[in-house]
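Descriptive analysis of the structure
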Amino acid sequence: MGLAKRIIPCLDVKDGETVKGVNFVGLRSAGDPVELGKAYSEQGADELVFLDITASFEGRKTFTEMVTRVAREINIPFTVGGGINELADVERMLHAGADKVSMNSAAIRHPELIEETAKRFGSQVCVCAIDARLDDDGWHCYLKGGRERTERGLFEWAREAQERGAGEILFTSMNHDGVKQGYANEALARLADDLNIPIIASGGAGAKEHFRDAFTLGHADAALAASVFHFGEIPIQELKQYLHNEGINVRL
């Protein structure tokens, strides 16, 4: 059966509350991140991801306090990201109770940060998040929450991140984010073929079938989603039972 596939709710945190948008814009509130995290832990989520989407200095302080509160309330692994720019940021998040850190813009700008993190804390701590969009000339990586295009291609950057010591790739398709039409399964499958570290699918979940397809067509190791969980559209236990019935190995 291989390793169990993971279901991961993602909480975008702004000024201490969970928010959700479409294609990275139009944010609306979805509740208290600590309470949501606790509820997801109790409902059978395998892991959680918390992203500080406004990682200014003040936001960072609020976020660090929230990470400490989350760590006290849940008993599943959780990853934090947003504003991870140097080794001291990684250390602060792990010290606050996080299990892993997710780095995106800083990793592209300073790829050595991946190596430093893996060397100091182990590859398992380092999740390289990639926000990419399928443009007319192929898949390109974007920075600053999807606002700034780079000349880095999705597949070559993912390979480099793995070579530098990233333990997982969290791939968000900006074309699919919040649209609820399914994940970018072709790109996921290519990443899965190219790499030998786990791939987390992100962007596009709207129905239980989309999770199934991410695992069967996209060969993803984990599927991350936000609004379908936050707004109660797909209960986690129901989703896992459905996947189990479809022959996918999940922890029930």
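Structural notes, computed from the coordinates. Predicted, not measured: the structure shown is a model, and the values here were computed from it. (Residues numbered from 1 in each chain as written. Predicted model: local features only at pLDDT ≥ 70, side-chain atom pairs only at ≥ 80, totals over all residues. Heavy atoms only, no water.)

1. Comments concerning the nonpolar core
Grouped burial of nonpolar side chains is what soluble globular proteins tend to show. Within the largest apolar cluster, 70 residues are counted, with the highest numbers of intra-cluster contacts made by F50, I169, F171 and F211. Looking at this core element by element, the count peaks at 5 residues for helix α6 (residues 154–164). Excluding residues that lie within four positions of it along the chain, F211 makes contacts with I7, Y183, A205, A223, A225, V228, F229, I234, L239 and L243. Core analysis: the second largest hydrophobic core is formed by 9 residues, V49, A129, I200 and A222 among them. (Core = buried A, V, L, I, M, F, W, Y, C linked by side-chain atoms within 4.5 Å. Buried < 20%, exposed > 50% of the residue type's maximum accessible area, 1.4 Å probe, protein only. Helix = DSSP H or I, 4+ residues; strand = E, 2+ residues; numbered from the N terminus. Contact = heavy atoms within 4.5 Å.)

2. Topic: the pattern of salt bridges
Close approach of charged atoms lets side chains of opposite charge pair. The tally for this structure, following the rule as stated, stands at 26 salt bridges. The shortest N-O distance in the salt bridge between E47 and R6 comes to 2.8 Å. In this pair, E47 sits in the loop between α1 (33–43) and β4 (48–52) while R6 sits in strand β1 (residues 6–14), placing the two residues 41 residues apart along the sequence. Residue E47 is classed as buried on the basis of its relative accessible area of 7%. (Salt bridge = Lys/Arg side-chain N within 4 Å of Asp/Glu carboxyl O.)

3. Comments concerning unusual backbone geometry
Despite not being glycine, K180 shows a phi value in the positive range, around 65°. A relative accessible area of 26% means that K180 is categorised as partly exposed. Positive phi is not limited to glycine here, since H219 has a value of about 55°. If you trace the backbone, H219 turns up in the loop between α8 (208–216) and β12 (222–225). What makes H219 partly exposed here is its relative accessible area of 40%.

4. Regarding helix α3 (residues 87–96)
The set of residues buried in α3 consists of L87, D89, V90, M93 and A96. Following α3 by one or two positions, G97 adopts a phi angle in the positive range, close to 125°.

5. Focus on the pairing of β4
Burial within β4 is extensive, with 4 of its 5 residues counted as buried. In this structure, β1 lies alongside β4, joined through 4 bridges in parallel fashion. Paired with L11 across the strands is F50, a residue of β4. Alignment of β4 against strand β5 (residues 78–81), held across 4 bridges, turns out to be parallel. Each bridged residue has a counterpart across the sheet, and for V49 the counterpart in β5 is T79. (Pairing = 2+ DSSP bridges.)

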